[in-house]
Amino acid sequence: MKTMLPDLWTRDLMTDPFRALERDLFGRDFPKLFEMPARQAALPVPAMNIAETENAIEATLEIPGVEEKDIKVRVEGDRLIVSGEKNWETKKDEKDWHVVERRYGAFNRSVLLPFEPAADAITAHYDKGVLHLTVQKPAAKTTAAKTIPVMTGAPKVEEPAKPH
């Protein structure tokens, strides 16, 4: 015998006075304004922290439940891009699902860096659902300082050569 769990996300107009009030004040389509279409059920953008040290930019992204092999980190010019996918743990048709709040699908996050890093200047480590990225800053260009002497008097103006 199949046990029916209560549906936690829908409310009956006949027994829910708040749903009836919404309908009366805002119209019958009011609840539909807040429903998420199926095509938008992808993972939300991973939460990210970014810090800067003297030699590097460090970023951490929360990507729980994603396997390391499903995460891609790449650089395009001065843009650091992290993408991947979180797959279902079991087949959907193996169980009668009553509530599905966890999200599955593709995600993508990009950050514009203040410089174009070298390909070997980036390291990525994934531990306990957190991706740790370190982007080494390029070496600062050193310019030799040169002192220009200031002379007195008007600059010499060379006269054009006379024809022979």
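These numbers were taken from a predicted model, which means no experiment stands behind them.

Caption draft 1: Region of the structure containing the sheet that holds strand β3 (residues 71-76). Ordered by their spatial adjacency, 3 strands build an open sheet running β3-β4-β5, and the pairing between neighbours is antiparallel. Because the sheet does not close on itself, it has two edges, and the strands there are β3 and β5 (105-112). Along the sheet, successive strands turn relative to each other by an average axial angle of 15 degrees, direction set aside. Taken together, the 8 bridges between strand β4 (residues 79-86) and β5 define a ladder with antiparallel strand orientation. Bridging from a neighbouring strand, Lys86 pairs with Gly105 of β5.

Caption draft 2: Representation of the pattern of salt bridges within the structure. The full count for this structure, using the stated rule, is 3 salt bridges. For Glu52, the salt bridge is made with Lys137, and the minimal N-O distance between the two is 2.5 Å. With Glu52 in strand β1 (residues 48-52) and Lys137 in the segment after β7 (130-136), this pair connects stretches of sequence that are 85 residues apart. Residue classification places Glu52 among the exposed residues on the basis of a relative accessible area of 57%. A residue is classified by how much of its surface remains accessible, and Lys137, at 25% relative accessible area, is partly exposed. As a salt-bridge pair, Lys69 and Asp70 come within 3.4 Å of each other at their nearest N and O atoms. With relative accessibility at 16%, the residue Asp70 sits in the buried group.

Caption draft 3: Representation of the pairing of β3. Where β3 meets β4, 6 bridges bridge the pair, whose relative direction is antiparallel. Following the sheet pairing, Ile71 is matched in β4 by Gly84.

Caption draft 4: The arrangement of the pairing of strand β6 (residues 122-127) in detail. Relative to β7, β6 is paired through 6 bridges, and the arrangement is antiparallel. Residue pairing in the sheet places Thr123 in a bridge with Thr134 of β7.

Caption draft 5: Region of the structure containing the environment of Pro44. Along the chain, Pro44 falls in the loop between α1 (17-26) and β1. Relative accessible area serves as the criterion here: at 48%, Pro44 is assigned to the partly exposed category. Sequence separation between Pro44 and Ile63 is 19 residues; the distance between their C-alpha atoms is 9.9 Å. Once residues lying within four places of it in the same chain are set aside, the contact partners of Pro44 are Arg103 and Phe107.

Caption draft 6: Examining the sheet that holds β6 more closely. If you trace the 4 strands from one edge of the open sheet to the other, you get β1-β2-β7-β6, paired in antiparallel fashion. Two strands lie at the open edges of the sheet, namely β1 and β6, each paired on one side alone. Here the strands of the sheet are splayed against their neighbours by 15 degrees on average, with no regard to which way each runs.

Definitions and cut-offs
Residues numbered from 1 in each chain as written. Predicted model: local features only at pLDDT ≥ 70, side-chain atom pairs only at ≥ 80, totals over all residues. Heavy atoms only, no water. Pairing = 2+ DSSP bridges. Helix = DSSP H or I, 4+ residues; strand = E, 2+ residues; numbered from the N terminus. Axes fitted to C-alpha atoms, helices over the stretch in contact; angles between N-to-C directions. Salt bridge = Lys/Arg side-chain N within 4 Å of Asp/Glu carboxyl O. Buried < 20%, exposed > 50% of the residue type's maximum accessible area, 1.4 Å probe, protein only. Contact = heavy atoms within 4.5 Å.

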